[in-house]
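So the chains spell out like this:
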Amino acid sequence: MKEAFQFQSRMKNRSGIKRKSTANIKAMAVCFSLIFFFQYNAMAQTSNPGTGSGVEDNNKLWYLEPASDWMEALPIGNGKIGAMVFGGVEQEKLQLNEESVWAGPPIPENRVGAYKSIEKARELIFQGDYAEANKLVQDDVMGPRIAPRSYQPLGDLILDFKLQGIPSNYRRELDINNAIAKTSFEVEGVNYTREYFSSAIDDAIVVVLTADKRNSISLELKMQRDADFEVANVGKNRLKMWGQASQKGKHLGVKYETQMMAVPKGGDIKSGNGTISISNANSVVLFISAATDYNAAAPFSPLTHNLNTVCATKLKKAAKRSLNKLKEDHIADYQNYFNRVALDLGGLKESARPTNERLEAVVNGADDPALMALYFQYGRYLLISSSRPGSLPANLQGIWNNHLAAPWNSDYHTNINMQMNYWPAEVTNLSECHEPFFDFIESLVPTGQKTAKEVYNSDGFVVHHATDVWHWTSPIGKVQYGMWPMGGAWCTRHFMEHYNFNGDTAFLKDHAYPIMKESAKFLLDWLTKDPRSGKLVSGPSTSPENKFYTPKDPEVFANLDMGNAMDQEIIWENFTNVLEAAEILKIEDEFVERVKEALANLSLPKIGSDGRLMEWSQEFEEVDKGHRHLSHLYGLYPGNQFTENKTPYYIDAINRSIEYRLSNGGGHTGWSRAWIINFYARLGNSEKAYENIKALLAKSTAKNLFDYHPPFQIDGNFGGTAGIAETLMQSHETDESGVTIIRLLPALPSEWPTGSVSGLKARGGFEVDVVWRNGALESVSVMSKEDKTCKLQIGEVTMSIEVSAGSKQTITEFK
Ligand code: FUC
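Let me begin by describing the structure that accompanies this report. (Residues numbered from 1 in each chain as written. Predicted model: local features only at pLDDT ≥ 70, side-chain atom pairs only at ≥ 80, totals over all residues. Heavy atoms only, no water.)

## Here's the deal with the site of the ligand
Worth spelling out the cut-off: Note on terminology: near, applied to a residue and a molecule or strand, indicates that one of the residue's heavy atoms is within 4 Å of it. Counting of polar contacts relies on pairs of N or O atoms within 3.5 Å, with two restrictions inside protein: one atom must be capable of donating a hydrogen and the other of accepting it, and residues adjacent in sequence are counted only when both atoms are side-chain atoms. Classification used: nonpolar for Ala, Val, Leu, Ile, Met, Phe, Trp, Tyr, Cys and Pro, charged for Asp, Glu, Lys and Arg, polar for all others including Gly.
Leu396, Trp408, His413, Asn415, Asn417, Glu545, Arg628, His629, Trp671, His709 and Gln713 make up every residue found near the ligand. Between the ligand and Trp671 there is a distance of 3.0 Å, counted from an oxygen atom to a side-chain nitrogen or oxygen. Between Gln713 and the ligand, the recorded distance is 2.8 Å, taken from a side-chain N or O atom to an oxygen atom. Residue composition of the shell around the ligand, by class: three nonpolar, six polar and two charged.

## Focus on the nonpolar core
Filter applied, for reference: As used here, the term nonpolar core means buried Ala, Val, Leu, Ile, Met, Phe, Trp, Tyr and Cys residues forming a set that is joined through side-chain atoms within 4.5 Å. Relative accessibility decides the category of a residue: with a 1.4 Å probe and only protein chains considered, values under 20% of the type maximum give buried, values over 50% give exposed, and everything between is partly exposed. Contacts between residues were defined by any pair of non-hydrogen atoms, one from each residue, lying within 4.5 Å.
Membership of the largest hydrophobic core comes to 222 residues, with the highest contact counts inside it found for Leu221 and Trp675. Not counting residues within four places of it along the chain, the set of residues in contact with Trp675 comprises Ile416, Met420, Trp423, Trp490, Met566, His629, Leu630, Ser631, Tyr637 and Pro638. Membership of the second largest hydrophobic core comes to 13 residues, among which are Phe197, Val206, Val263 and Leu326.

## Overview of the packing of helix 11 (residues 445-456) against helix 14 (residues 505-526)
Each packed pair of helices is defined by two parameters, the angle between the axes and the distance between the axes. Note the following rule: Axis lines are fitted to C-alpha atoms, over the contacting stretch for helices. Their N-to-C directions set the angle, which ranges from 0 to 180 degrees. A run of H or I in DSSP becomes a helix once it reaches four residues, and a run of E becomes a strand once it reaches two; helices and strands are each numbered from the N terminus. Convention used here: angles under 35 degrees read as roughly parallel, angles over 145 as roughly antiparallel, angles from 65 to 115 as roughly perpendicular, and any remaining angle as oblique.
Where helix 11 meets helix 14, the closest approach of the two axes is 12 Å, and the angle between their N-to-C directions is 10 degrees. Of the possible angle classes, the one that applies to helix 11 and helix 14 is roughly parallel. In this structure, helix 11 contributes Val445, Gln449, Ala452 and Tyr456 to the contact, and helix 14 contributes Ile515, Glu518, Phe522 and Trp526.

## Concerning the packing of aromatic side chains
So the rule is basically this: Ring geometry is summarised as follows: Phe, Tyr and Trp rings, the Trp one being its six-membered ring, pair when their centres sit within 6.5 Å, and such pairs are stacked at plane angles under 30 degrees, edge-to-face over 60 and tilted between the two. Geometrically, a charge over a ring is one whose NZ (Lys) or CZ (Arg) sits within 6 Å of the ring centre while staying within 35 degrees of the ring normal.
If you walk through the whole model with that rule in mind, you get 36 aromatic pairs. When the ring of Tyr690 is compared with that of Trp752, the centres are 6.2 Å apart and the planes differ by 75 degrees; the resulting orientation is edge-to-face. In this pair, Tyr690 sits in helix 19 (residues 686-700) while Trp752 sits in the loop between strand 26 (740-744) and strand 27 (755-762), placing the two residues 62 residues apart along the sequence. Across this residue pair, the class does not change: Tyr690 and Trp752 are buried. Through a chain of ring-to-ring contacts, the aromatic side chains of Trp70, Tyr334, Phe338, Tyr378, Tyr381, Trp400, Phe706 and Phe712 assemble into a single cluster. Sitting above the plane of the Trp62 ring, Arg171 keeps its charged end 4.3 Å from the centroid.

## Observations regarding helix 11
Worth spelling out the cut-off: Helix span, as expected, comes to 1.5 Å for every residue beyond the first.
Across its twelve residues, helix 11 extends 15 Å between first and last C-alpha, which sits within 8% of the 16 Å expected from 1.5 Å per residue. Val445, Thr447, Gly448, Gln449, Thr451, Ala452, Val455 and Tyr456 are the residues of helix 11 that are buried. Where helix 11 is buried, its residues contact helix 2 (115-126), helix 10 (435-443) and helix 14. In the segment just after helix 11, Asn457 is the residue with positive phi, at about 55 degrees.

## With respect to the pairing of strand 3 (residues 81-85)
The condition that has to hold: DSSP calls a pair of strands paired once it identifies at least 2 bridges connecting them.
The buried count for strand 3 comes to five of five residues, which makes it a mostly enclosed element. Of the two faces of strand 3, the one holding Ile81, Ala83 and Val85 and the one holding Gly82 and Met84 are both buried throughout. Bridge analysis of strand 2 (residues 74-77) against strand 3 gives four bridges, and the strand direction is antiparallel. Its bridge partner being in strand 3, Ile76 is matched across the sheet by Ala83.

## Concerning the sheet that holds strand 15 (residues 275-281)
Ordered in space as 2-3-4-5-10-15-14, the seven strands form an open sheet in which the pairing is antiparallel. Edge positions in the sheet fall to strand 2 and strand 14 (268-272), since each of these pairs with one other strand and no more. Averaged over all neighbouring strand pairs, the angle between strand axes comes to 20 degrees, with direction disregarded.

## Quick word on helix 16 (residues 590-600)
In plain terms, the rule: An arc is given here, and it is the one of the directions from the helix axis to the C-beta atoms.
Considered for burial, the residues of helix 16 that qualify are Phe591, Val592, Val595 and Ala598. Along the long axis of helix 16, the arc covered by the buried residues comes to 125 degrees, so they all point the same way. Exposed and facing more than 90 degrees away from the buried side of helix 16 are Glu590, Glu597 and Ala600. On its buried side, helix 16 packs onto helix 14, strand 21 (536-537) and helix 15 (565-584). Two or three places before Phe591, at the start of helix 16, stands the capping residue Asp589, its side-chain oxygen 3.2 Å from that residue's backbone nitrogen.

## Thoughts on the sheet that holds strand 25 (residues 729-734)
Taken together, the four strands give an open sheet; going across it, the order is 25-26-30-31, and neighbouring strands pair in mixed fashion. With one partner strand each, in any of the chains shown, strand 25 and strand 31 (797-803) form the two edges of the open sheet. Geometrically, the sheet is characterised by an average inter-axis angle of 30 degrees between neighbouring strands, direction not taken into account. As defined by bridge partners, strand 26 adjoins strand 30 (residues 788-794) across three bridges and the pair is classed as parallel. Paired with Ile741 across the two strands is Lys791, which belongs to strand 30. Across the sheet, helix 20 (residues 715-728) lies against strand 25 and strand 26, angled at about 75 degrees from strand 25, the strand it touches most.

## Re the pairing of strand 14
Looking at chain direction, strand 14 and strand 15 are connected through five bridges and run antiparallel. Across the sheet, the residue bridging to Gly272 is Thr275, located in strand 15. From the end of strand 14 to the start of strand 15, which pair antiparallel, there are two residues, and Asn273 there has a positive phi angle of about 55 degrees.

## Here we look at unusual backbone geometry
Here the bond from Pro105 into Pro106 is cis, since omega is 10 degrees, no more than 30 degrees from zero. Relative to the helices and strands, Pro106 resides in the loop between strand 4 (91-98) and helix 2. For the peptide bond that leads from His709 to Pro710, omega is -10 degrees, which places it in the cis range. Even without being glycine, Asp203 reaches a positive phi, approximately 45 degrees. Counting through the fold element by element, Asp203 comes out in the loop between strand 8 (190-199) and strand 9 (204-211). Residue Asp203 is classed as buried on the basis of its relative accessible area of 4%. Backbone geometry places His251, a non-glycine residue, at a positive phi of 55 degrees. Mapped onto the fold, His251 is located in the loop between strand 12 (238-244) and strand 13 (255-265). On the basis of relative accessible area, His251 is assigned to the partly exposed category, the value being 23%.

## Brief notes about the side chain of Ser543
Tracing the chain through its elements places Ser543 in the loop between strand 21 and strand 22 (548-549). Residue Ser543 is classed as buried on the basis of its relative accessible area, which comes to 0%. At 2.6 Å, the side chain of Ser543 forms a polar contact with the side chain of Glu615. With near-sequence residues (within four places) excluded, Ser543 lies in contact with Asn559, Asn564, Glu615, Trp616 and Ser631.

## Digging into the state of the cysteines
Basically, it comes down to this: Here, a disulfide means two cysteine sulfur atoms that sit within 2.5 Å of each other.
What the rule picks out here adds up to zero disulfides. Unpaired in terms of disulfides, Cys491 finds its nearest cysteine sulfur in Cys433, a separation of 17 Å.

## Quick look at the packing of helix 14 against helix 16
Rule in force here: Crossing handedness is read from the near helix: turned anticlockwise from the far helix by less than a right angle, it gives a left-handed crossing, and turned clockwise, a right-handed one.
Where helix 14 contacts helix 16, the axes come no closer than 11 Å and their chain directions differ by 55 degrees. Here helix 16 runs oblique to helix 14, going by the angle between their axes. Crossing of helix 14 over helix 16 shows left-handed handedness. Taking contact as the criterion, the partners of Tyr513, Lys517, Ala520, Lys521, Leu524 and Asp525 in helix 14 are, on helix 16, Phe591, Val592, Arg594, Val595 and Ala598. Looking at the contact of helix 14 with helix 16 residue by residue, the class counts come to seven nonpolar, no polar and four charged.

## Side note on the pattern of salt bridges
Quick reminder of the rule: Just to be clear on terms, a salt bridge is a Lys or Arg side-chain nitrogen sitting within 4 Å of an Asp or Glu carboxyl oxygen.
Inspection of the entire model under this criterion finds 43 salt bridges. Of the charged contacts in the structure, one is a salt bridge between Lys60 and Glu173, with a shortest N-O distance of 4.0 Å. Here Lys60 is found in strand 1 (residues 60-63), whereas its partner Glu173 is found in strand 6 (residues 168-175), with 113 residues between them in sequence. Judged on exposure class, the residue Lys60 and its partner Glu173 are both buried. Salt-bridge contacts for Glu593 lead to Lys596; the nearest nitrogen and oxygen are separated by 3.4 Å. Of the two residues, Glu593 and Lys596 are both situated in helix 16; the distance of three residues between them amounts to about one turn of the helix. Owing to a relative accessible area of 44%, Glu593 belongs among the partly exposed residues under this scheme. Taken together, the shared-partner salt bridges connect Asp202, Arg321, Lys325, Glu328 and Asp329 into one network.

What follows is the structure, given as structure tokens:
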């Protein structure tokens, strides 16, 4: 009998958010206007709009002009609702997003019984008939490509200001210390300040418009969307926009609503025809809320809550609170995550220049360590702003998207992209931001089990190269990308890593082990004995998106092989993790025995005659020699199968493989470049790690520091952030007795001679601070929640240290 998949569901009710008590609301409301007026006028006067003279804090993106396109606008977000802020003077636009606004199903159907053709394809491959195997799988296994539907924008809020005169002293910024975007300028002697933040506490976007002279703010507000929307006024000070997301009227998806409430002080307010006009106000606060009927736990049973009520309740609650409190709570909540890690790579003076100028200088060859530190912190900012407990995971664009039909639907690609989004989560001390990933992967299990059964006649759960909020898991489209049943298995590594970093045994028992097991069950059924070697191999499967010339006919190419390096590495890792978890949880059963046996018989990647790590089981010639996916090097990063200590023979081969890819044009997408940074950091090659960090900035980064695939794809931001962490500290190995080895400054670039980092997380439950000067380690501090031993490795020196629970152990001599 089929064993039930057991884990405690992590899915939560997403319809509401806990709110702090708003006792004494009346008194607060009375104080509101006074405090607000003085506070913001004072701020406007003391701020230093304009030239950016003086040394600026490094954790700011700032500019001297409004955004002229979307890739210059600045993102804010609370994990679920976000906006791109353009900073226009006469017309400001907030392009709004809510994470669950998706055009709709259907989801692809499985080709039931396809396993019979898979058996035949295996035989063909073992005989060397690659083209035939490709055709057979294409015809008999692959479902049709998914009907176009996409993650979509929520809409735009347009603010048309009535301003007379030419603006001066213009400045816009995103302060990632407090997650507040701000625009300031002067017109005819009046200083205007506009602030924007997306509060997770109040689940609302808040916009604060102020001026240092009374009665100076006049504007008209409207909401719009490129399709599928209606707009209406609600009372005097509210607008609402609602509709149902679709792809050109087809594929009806999520029903959404967004509301905006305007609270002016002084002046007049009028409303009608879907607009609100405010004239001669002293200040204005806008609140924006959003809701949809998307049900993350069961996407085909939409939530039945009243969207209008949900939006209105949020707005009214937020508007009743004092602005100070709203802002204070937002900052405290955000900083609870952000402030855990500080990074100084030197070169802080550079931050006195606008971000776009600094980026331009890097494009022209300059070194800017402080910009790299900003990029790192920005990656953390983006993760906190797009992936919070209870939200959906960050998609290909996080939560920020302005296209009704986004590139790749802005979905979840599971052959690198979605996983890369979460590479920085643990090491940069944002473990809670990893939670949406776990919730989501667990929610794929039912469809993944159905696909395993229907397509492969197999147990367990399977996910292929991509999925989305409708939870499909089938092999679809072209063999080249679609015939790759390893996406789910790769995702399970994140669960084990979460345990490795945090030591949460309940998580291991209730979430990590069950899902790793569910994946292993599929893998055990999927593996086949290679008649040539007697070893267990995966296939027929691609090495993600790559293709090779077939030996029979060098004019013809194919994608499918048996025993591709990446598949074998993912399976090796999954089995190794299952066994490790079983040991910790003291599970000994038949399943564990099966995994042990399969692991012992698993085929491992080979090294070719040219010394490179072989991507496929045979030495094929690849069609694209500089291919962006470096799948076969998975075991170096994110995996830890290949290390200098454990497998020195693979290291040279890996180096050659990366060099070959790069010399043939590899690394041309942002995420590919980011992956290479992590490889070189793991290889301890500081020079190459730096070269690729610089290339990521110079070649794949927009003015708002968003990563370019191109187009915009957020994975490179996250992969780059993880890569910078990896140059400073690594913890992926243990000694023979399981003690974590913490490598300090394993790939420190010479361009960052002096600096410090604090709060990085190491596996084994440690937190690490490092200070270095003139390229040499000066001090290291290690913290642990429990009494624990770790080994520090500094160059050739290894030191064992004992850390007592809750204390900080600082070391300044390394012998
Ligand atoms: C993978 C990559 C593409 C792109 C897409 C979203 O399939 O091969 O380059 O990043 O995901």
